[in-house]
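Tertiary structure, described
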Amino acid sequence: MKRTSLLLPLALAAALTLTACGSGAQEAKPAADGSPATLRIGYQLIPNGDLIVKDQKWLEAALPNTKIVWSKFDSGGDVNTAMIAGSLDIGLAGSSPVTRGLSAPLNIPYKVPWIFDVIGDNEALVARGGVTDVKGLAGKRIATPFSSTSHYSLLAALTEAGLSESGVKILDMEPPDIQAAWQRGDIDAAYVWTPNLAELQKNGGRTLVTSRELAQRGKLTADLAVVRGEFAQKYPKALSVWLQQQDRAVKLARSDKAAAAAAIGRQLNLDPAEAARQLGQLVLLDASEQRSADYLGTPSAPGKLAENLHSAAEFLKTQQKVDAVPELSVFQQGLATRELADAFAGG
């Protein structure tokens, strides 16, 4: 894979240089109350609770002595690179990039404290030109962001249909570039997420398979939060506040969908009706559900998300995307169950 095999050594070298030269300068002294001077968040344009928190400025209100810096990323692979460089404290990455991040050669020292969403119909494989099923993609040009959940799902869909990677031409593109390439007619198909997916579907894209359908067949994907281990250890109260605001956003999406959709619409530049439609394509989990056995679990009993990440690593190893499959315990230790439990200890 181009990004990992050719660019990874250069990216790692650059990241290490940034860390060595700039980490001390990047992190200012804590505020008088012990909260971080700055909280650096990497977000993506995905219609989940994170955009509600951003739109409503809940973190800014809850952490008045902390400067909240929101930086937009187009993929989890880029979030991983920023985490390696030490330029992010909390970020959003799909389960496939997080699997790679916790595996060799990356071995990023971060943990998963929250599941932003379980991916459903908001990620899908679409095609045009009369293609009606995945088998019909043989020899076609398919775009997806490498190392993303969409990439993982695309490979799973191809394998399920009996197609090899060599039987198609897979192009590494970020979502905005996919949309532009689609408009130019440079690609025949794409596996990508909303809002770009919605634009492809509006412009001649026929949906061949969704991530919800693949999840039902054992290939579950999710959008996960990752927190730098050093930050979580140094600022546990700030992380608790962040988690509480994410839970608040999920509860708003359930209790007042119109308000949630309006907030997401402002962030995505969508009308509320379309924002509500895209929000409905995701499965959002509140704090209680996050702590259940099916997801993050508890400090004494890590949840099934660890098993899902381990399974994803096994799949990625067959595709030569990771050097080796870590032990299940690596992914169990990669779940920030203690931090999640502490944030909601009173309820």
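Just so you know, these numbers come straight off a predicted model, no measurement behind them.

Attention now goes to the environment of Lys234. Here Lys234 lies in helix H10 (residues 229-234). Residues Lys234 and Thr81, spaced 153 residues apart in sequence, show a C-alpha to C-alpha distance of 22 Å.

With that out of the way, let us pick up unusual backbone geometry. The step from Ala104 to Pro105 runs through a cis peptide bond, and the omega angle for that step is 10°. Here Pro105 lies in the loop between helix H5 (95-101) and strand S4 (110-118). Cis peptide bonds are those with omega within 30 degrees of zero, and the linkage from Thr194 to Pro195 qualifies with 10°. One non-glycine residue with positive phi stands out, namely Asn107, at about 45°. Topologically, Asn107 is positioned in the loop between H5 and S4.

Moving on: the sheet that holds strand S3 (residues 90-94). Strand order in this open sheet of five strands is S2-S1-S3-S10-S4, and the pairing throughout is mixed. The strands lining the two open edges of the sheet, one partner per strand, are strand S2 (67-72) and S4. Across the sheet, the axes of successive neighbouring strands diverge by a mean angle of 25°, strand direction being ignored. Inspection of the sheet shows S4 paired to strand S10 (residues 222-228) by six bridges, in the antiparallel sense. Note on S10: the bridge partner recorded for Val118 is Ala222.

Before going further, it helps to spend a moment on the packing of helix H11 (residues 236-255) against helix H12 (residues 257-268). Contact pair H11 / H12: the axes reach a minimum separation of 5 Å and the direction vectors enclose 120°. Classified by the angle their axes make, H11 and H12 are oblique. Contacts between H11 and H12 involve Leu252, Ala253 and Ser255 from the first element and Lys257, Ala259 and Ala260 from the second.

Here we come to the packing of aromatic side chains. Overall, the coordinates contain four aromatic pairs when judged by the stated rule. Ring geometry for Phe116 versus Trp242: centroids 5.9 Å apart, planes at 85°, classification edge-to-face. Of this pair, Phe116 sits in strand S4 while Trp242 is found in helix H11, placing the two residues 126 residues apart along the sequence. In this structure Phe116 comes out as buried when scored by relative accessible area, which is 3%. The ring of Trp182 has Arg128 lying over it, and the distance from NZ or CZ to the ring centre is 4.1 Å. In this structure, Arg248 packs its charged tip against the face of Trp58, placed 3.9 Å from the ring centre.

On to the pattern of salt bridges. With the rule as written, the count across this model stands at 18 salt bridges. The partner of Glu160 in a salt bridge is Arg217, with the nearest N and O atoms 2.8 Å apart. One end of the pair, Glu160, is in helix H6 (residues 149-160); the other, Arg217, is in the loop between helix H9 (211-216) and S10, and 57 residues separate them in sequence. The exposure class assigned to Arg217 is partly exposed, which follows from its relative accessible area of 47%. Residues Asp247 and Lys251 are paired through a salt bridge, measuring 2.8 Å at the closest nitrogen-oxygen approach. With Asp247 and Lys251 both in helix H11, this residue pair falls four residues apart, about one helical turn. Note on Asp247: relative accessible area 8%, which makes it buried. Residue Lys251 is classed as partly exposed on the basis of its relative accessible area, which comes to 41%.

With that out of the way, let us pick up the environment of Val192. Relative to the assigned elements, Val192 resides in strand S8 (residues 189-193). Judged by relative accessible area, which is 0%, Val192 ranks as buried. As a C-alpha pair, Val192 and Ser153 span 39 residues in sequence and 9.7 Å in three-dimensional space. Setting aside its immediate chain neighbours within four residues, Val192 contacts Asn122, Glu123, Ala124, Ser150, Pro175, Ile178, Leu197 and Leu200.

Mean pLDDT over the chain works out to 91, with 92% of the residues at or above the 70 mark. Long-range and interchain partners of residues 1-26, a stretch whose pLDDT sits below 50, account for 36 contacts in this model, where long-range means more than four residues apart.

Let's shift gears to the environment of Leu106. With respect to the helices and strands, Leu106 occurs in the loop between H5 and S4. Expressed as a C-alpha distance, the spacing of Leu106 and Asp323, which sit 217 residues apart in the sequence, is 9.6 Å.

The next thing to look at is the nonpolar core. Ranked by internal contacts, the top residues of the largest apolar core, which has 70 residues, are Leu59, Trp114 and Trp242. By residue number, the principal contributor to this core is H11, which donates nine residues. Not counting chain neighbours up to four residues away, the residues in contact with Leu59 comprise Ile41, Val53, Ile68, Trp70, Val241, Trp242 and Gln245. Core analysis: the next-biggest nonpolar cluster, separate from the first, contains 26 residues, Ile142, Tyr152, Leu154 and Val209 among them.

Quick notes on the rules
- Residues numbered from 1 in each chain as written.
- Predicted model: local features only at pLDDT ≥ 70, side-chain atom pairs only at ≥ 80, totals over all residues.
- Heavy atoms only, no water.
- Helix = DSSP H or I, 4+ residues; strand = E, 2+ residues; numbered from the N terminus.
- Pairing = 2+ DSSP bridges.
- Axes fitted to C-alpha atoms, helices over the stretch in contact; angles between N-to-C directions.
- Parallel < 35°, antiparallel > 145°, perpendicular 65-115°, else oblique.
- Contact = heavy atoms within 4.5 Å.
- Phe/Tyr/Trp six-rings, centres within 6.5 Å; stacked < 30°, edge-to-face > 60°.
- Buried < 20%, exposed > 50% of the residue type's maximum accessible area, 1.4 Å probe, protein only.
- Lys NZ or Arg CZ within 6 Å of the ring centre and 35° of its normal.
- Salt bridge = Lys/Arg side-chain N within 4 Å of Asp/Glu carboxyl O.
- pLDDT = per-residue confidence, 0-100.
- Core = buried A, V, L, I, M, F, W, Y, C linked by side-chain atoms within 4.5 Å.

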